[in-house]
Amino acid sequence: SQKIEQNSEALNIQEGKTATLTCNYTNYSPAYLQWYRQDPGRGPVFLLLIRENEKEKRKERLKVTFDTTLKQSLFHITASQPADSATYLCVWNAGNMLTFGGGTRLMVKP
Amino acid sequence: SQTIHQWPATLVQPVGSPLSLECTVEGTSNPNLYWYRQAAGRGLQLLFYSVGIGQISSEVPQNLSASRPQDRQFILSSKKLLLSDSGFYLCAWRKQNTGELFFGEGSRLTVL
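Residues numbered from 1 in each chain as written. Chains lettered and ligands numbered in written order. Predicted model: local features only at pLDDT ≥ 70, side-chain atom pairs only at ≥ 80, totals over all residues. Heavy atoms only, no water.

What should I look at first to understand the state of the cysteines in this one?
One covalent bond between the sulfur atoms of two cysteine residues makes up a disulfide. Applying the stated rule across the entire model yields two disulfides over all chains. Disulfide pairing is shown between A:Cys23 and A:Cys90; the S-S distance is 2.0 Å. Negative torsions about the S-S bond denote left-handed disulfides, and the value of about -65 degrees found for A:Cys23 with A:Cys90 makes this one left-handed. With a gap of 67 residues between them, A:Cys23 in strand β3 (residues 19–25) and A:Cys90 in strand β9 (residues 86–94) connect regions that are remote in the sequence. What makes A:Cys23 buried here is its relative accessible area of 0%. A disulfide bridge connects B:Cys23 with B:Cys91, and the sulfur atoms are separated by 2.0 Å. Taking the torsion about the S-S bond as the criterion, the B:Cys23 to B:Cys91 disulfide, at about -75 degrees, is left-handed. Of the two residues, B:Cys23 is situated in strand β3 (residues 19–26) and B:Cys91 in strand β9 (residues 87–94); the sequence distance between them amounts to 68 residues. Each member of the pair, B:Cys23 as well as B:Cys91, is classed as buried. (Disulfide = S-S within 2.5 Å. Helix = DSSP H or I, 4+ residues; strand = E, 2+ residues; numbered from the N terminus. Buried < 20%, exposed > 50% of the residue type's maximum accessible area, 1.4 Å probe, protein only.)

Shown next as structure tokens:
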């Protein structure tokens, strides 16, 4: 079955630095990868989607890359702020199948 | 605009009791609907998804069931809850052209 791996350890960074989160998948590449943000006790909120034929996608301070050779997506937050502290989820998507990674918790310290 | 609501937000139930969680979507027709469960500190586990009225696909064998009696209504049920059913349950609908998911507020279930 498809496995989506995200670093389960929390990522602690200083305010203003760039946060980089990793998502690795096994087996075959999806049609696209999605990234969500989840705050404690809330449902995930969609952030970005990148298709298999796209190498990079940007939205304000967010950037996502997709490398089908490495079977990896990287999620970057530039000029990070304490308000960016949350859990970030990677989602492998092909057709009706969506598989969530376990998420990586990001802590941005002032 | 589209909205999704689920209830109740919180419930505490004894082992062996029944369960009913309800989810409704407004502002869209024939949505793909999903039920996920999230255990504490874990990722989301897909339980059921539905592409239309009466059409339910189950991803994980368990004592839970789902029904879709109306186009924009999705219900998660159990006849007898187990301790392991405790968790955070999330309903979601999926946007057809982009594939992104929109989640409800979540229902936190504690089985004692």
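Explanation requested: the sheet that holds β3(B) in the structure shown.
Each strand in a sheet pairs with its neighbour through backbone hydrogen bonds, running either in the same direction (parallel) or in the opposite one (antiparallel). Residue and element names in this part refer to chain B. Here we have four strands laid out as an open sheet, ordered β1-β3-β8-β7, and antiparallel in their pairing. Only two strands of the sheet have a single neighbouring strand rather than two, namely β1 (3–7) and β7 (64–70). Adjacent strand axes in the sheet meet at a mean angle of 15 degrees when their direction is disregarded. (Pairing = 2+ DSSP bridges. Axes fitted to C-alpha atoms, helices over the stretch in contact; angles between N-to-C directions.)

Would you explain the pairing of strand β5 (residues 44–52) of chain B in this entry?
Remark: a regular strand shows side chains that alternate across the two faces of the sheet. Residue and element names in this part refer to chain B. Of all nine residues making up β5, seven are buried, and the element is well covered by its neighbours. Bridging between strand β4 (residues 32–38) and β5 involves six bridges; their strand directions are antiparallel. In the strand pairing of β5, Tyr36 is matched with Leu46. Hairpin connection from β4 to β5: five residues lie between these consecutive antiparallel strands, with Gly41 at a positive phi of about 70 degrees. Two strands pair when backbone bridges link them, and β5 and strand β6 (residues 55–58) are joined in this way by three bridges, in the antiparallel orientation. When the sheet's bridge partners are listed, Phe48 is paired in β6 with Ser58.

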